[in-house]
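A structural walkthrough
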Amino acid sequence: MEVARILMLYAVYQEMEEEIEQQYQRQLAVRRRRRRALYCRYLCQRRGEKPRHYCSVDLTVPVLQRYFAGEDTRPDLGVSREVIHELLRSMKSERHHGWGPTLETLAFLFWLATGSSYRIVSLVFSMPLPTVHRIIHRMTEELLELLPRFVHLPDSEEEVKAIGDGFARLSRHSAFAKAAGALDCCHIRIKSPGGPEGQDYQNRSLFPSVVLQAVCDHQGCFLDIFVGYPGGVHGAHVLTNSPIYCRGSYPPPGFFLLADGYYPCLDQPLALITPFKWPVKGVEEELFNYHHAKGHATVQLAFAKMKTRFRCIFLDALEVQALFVPKVVTACVILHNICLRVGDDLVENVMEEDNQPTADCDGGQSPSGAEWRAALAREVSTFPETPMDHDYVN
């Protein structure tokens, strides 16, 4: 009985102590808010301005002036107004506290488009520096939740066939009507993480990077991505560890993916058709490489468009932690697909990739993959070219 009474008194004491601690934290939060409001009022008085509420929209900010005035948002944010509206509708983030979804989305897009530091974004939008850090990380996480909706493989045979017809027009030959996508990788320049593992991020061009592997359709829309491997890892090794290779569920039987000589020519577990290595043996292989390059160029153009839209993110070293880089790159891929969906496509001033390591001339081959490629080469040399309805790649 005595022991039970002692345990009961101890439990009551613990509850009282927790309640006192919670009350103290609430009082401390109230003091912080009051102190923050007084400090904001003091700064406004020093600048000769009227005191304004915390988390209010400052219409003196030029970026916000142009947005709320209905002007073009591409120079400031890299995307059109339709993309912003589609993003807000898709995220469905109704917040009754903080800065609100619209202002947070604008700050996040401004950071992606300009590659500015958190401090610059803080000054541009008149936000506290810690708030900018939280907004960018929270917006990135919320955008990643939209990945299955905007970046996914075709759902039906009709969609796969439509992609194949598109590649037949791109490649200018009906032999490529069974192409279900184009696969390639690019290197995202980052700030070296340092330490013993920092050397793993050095690629063959001697700059630290993270590898982005992607599959896109004939219109440059990304169907599958795999990002995060250090730049020192060979692209073929990245492929064999990617989900699309391990699952082997895409492309469907009878279809194949186009890839360059950086990868091996395969039939299983996924069909991967690469060009013949140089020097080619005869006109048949040379003609096949010509049509293959026409079709495979769509994924390289997709990379170039995404890097042009978010050039400061991709062409300068990302000033974030290495583990956060894959999330930022995935967010840019999602925004790229949203832009294509609403018709915000880049048609001019697309920057070529000039900071990519040189690819290997021959990634190897399997006997079955080589036989399939040889059959395609014979078909290309036997039948005439297919006229194009539309030139997707200039």
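Data block above holds the structure.
Residues numbered from 1 in each chain as written. Predicted model: local features only at pLDDT ≥ 70, side-chain atom pairs only at ≥ 80, totals over all residues. Heavy atoms only, no water.

1. Section: the sheet that holds strand β3 (residues 222–230)
Put simply, the test is: Any two strands between which DSSP finds at least two bridges are classified as paired. Helix and strand labels come from DSSP, where a helix needs a run of H or I of at least four residues and a strand needs a run of E of at least two; each type is numbered from the N terminus. Residue contacts follow a heavy-atom distance rule, with two residues in contact if any of their heavy atoms lie within 4.5 Å. For helices, the axis comes from a line fit to the C-alpha atoms of the stretch in contact; other axes are also lines fit to C-alpha atoms, and the angle between any two N-to-C directions lies between 0 and 180 degrees.
Read across the open sheet, the five strands follow the order β3-β2-β1-β4-β5; overall the sheet is mixed. This sheet does not close on itself; its edge strands, each paired only once, are β3 and β5 (272–273). Here strand β2 (residues 209–216) runs beside β3; their pairing, made up of seven bridges, is antiparallel. Across the sheet, the residue bridging to Ala214 is Ile225, located in β3. Packing against the sheet, helix α12 (residues 283–309) makes contact with β1 (179–189), β2, β3, β4 (256–258) and β5, and its axis sits at approximately 45° to β1. In the packing of helix α14 (residues 325–342) onto the sheet, contacts are made with β1, β2 and β3, and the angle to β3 comes to roughly 165°.

2. With respect to the packing of aromatic side chains
The condition that has to hold: In this scheme Phe, Tyr and Trp rings, the latter by its six-membered ring, pair at centre separations within 6.5 Å, and the angle between planes marks the pair as stacked below 30 degrees, edge-to-face above 60, and tilted otherwise. Each residue's exposure class comes from its accessible area (1.4 Å probe, protein chains only) as a fraction of the maximum for that residue type: buried when under 20%, exposed when over 50%, partly exposed otherwise.
Within the structure shown, the criterion is met by ten aromatic pairs. On the basis of an interplanar angle of 80° and a centroid distance of 5.1 Å, the ring pair of Tyr67 and Phe68 is categorised as edge-to-face. Taking the relative accessible area as the measure of exposure, Phe68 reaches 48% and is therefore partly exposed. Each ring, one from Trp111 and one from Tyr118, has its centre 6.0 Å from the other, and the planes form 45°; the classification is tilted. Three or more aromatic residues joined by ring pairs make a cluster, and in this case those are Phe108, Trp111 and Tyr118.

3. Considering the packing of helix α9 (residues 157–171) against α12
Heads up, the condition is: Note that the term roughly parallel is reserved for angles under 35 degrees, roughly antiparallel for angles over 145, roughly perpendicular for angles of 65 to 115, and oblique for everything else. If you view the pair so one helix is near and one far, a crossing is left-handed when the near helix is turned anticlockwise from the far one by less than a right angle, and right-handed when it is turned clockwise. Gly counts as polar in this scheme, as do all residues outside two lists: the nonpolar Ala, Val, Leu, Ile, Met, Phe, Trp, Tyr, Cys and Pro, and the charged Asp, Glu, Lys and Arg.
Contact pair α9 / α12: the axes reach a minimum separation of 7 Å and the direction vectors enclose 125°. Comparing their axes, α12 and α9 come out oblique. Judged by the sense of rotation from one axis to the other, the crossing of α9 with α12 is right-handed. Contacts from Phe167, Leu170 and Ser171 in α9 reach His291, Lys294, Gly295 and Thr298 in α12. Residue composition of the contact of α9 with α12, grouped by class: two nonpolar, four polar and one charged.

4. Some thoughts on helix α6 (residues 118–125)
Selection criterion: Note that the arc is computed from the directions linking the helix axis to the C-beta atoms.
For α6, the full list of buried residues reads Tyr118, Val121, Ser122 and Phe125. Down the axis of α6, the buried set is contained in an arc of 105°. They therefore lie on one face. Facing away from the buried side of α6 by over 90 degrees, the exposed positions are Arg119 and Leu123. Tucked inside the fold, the buried residues of α6 contact α2 (62–68), α5 (101–114) and α7 (129–144). In the stretch just after α6, Ser126 is the one whose phi turns positive, near 55°.

5. Let's talk about the pattern of salt bridges
Pairing between side chains becomes possible if they bear opposite charge and their charged atoms approach one another. Note the cut-off: Any Lys or Arg side-chain nitrogen found within 4 Å of a carboxyl oxygen on Asp or Glu counts as a salt bridge.
Scanning the model with the defined rule gives nine salt bridges in all. Lys161 is the partner of Asp165 in a salt bridge, and the nearest nitrogen-oxygen pair spans 3.4 Å. On the criterion of helical spacing, the pair formed by Asp165 and Lys161 is a turn pair, its members being four residues apart in helix α9. When salt bridges that share partners are traced, they join Asp72, Arg74, Arg309 and Asp344 into one network.

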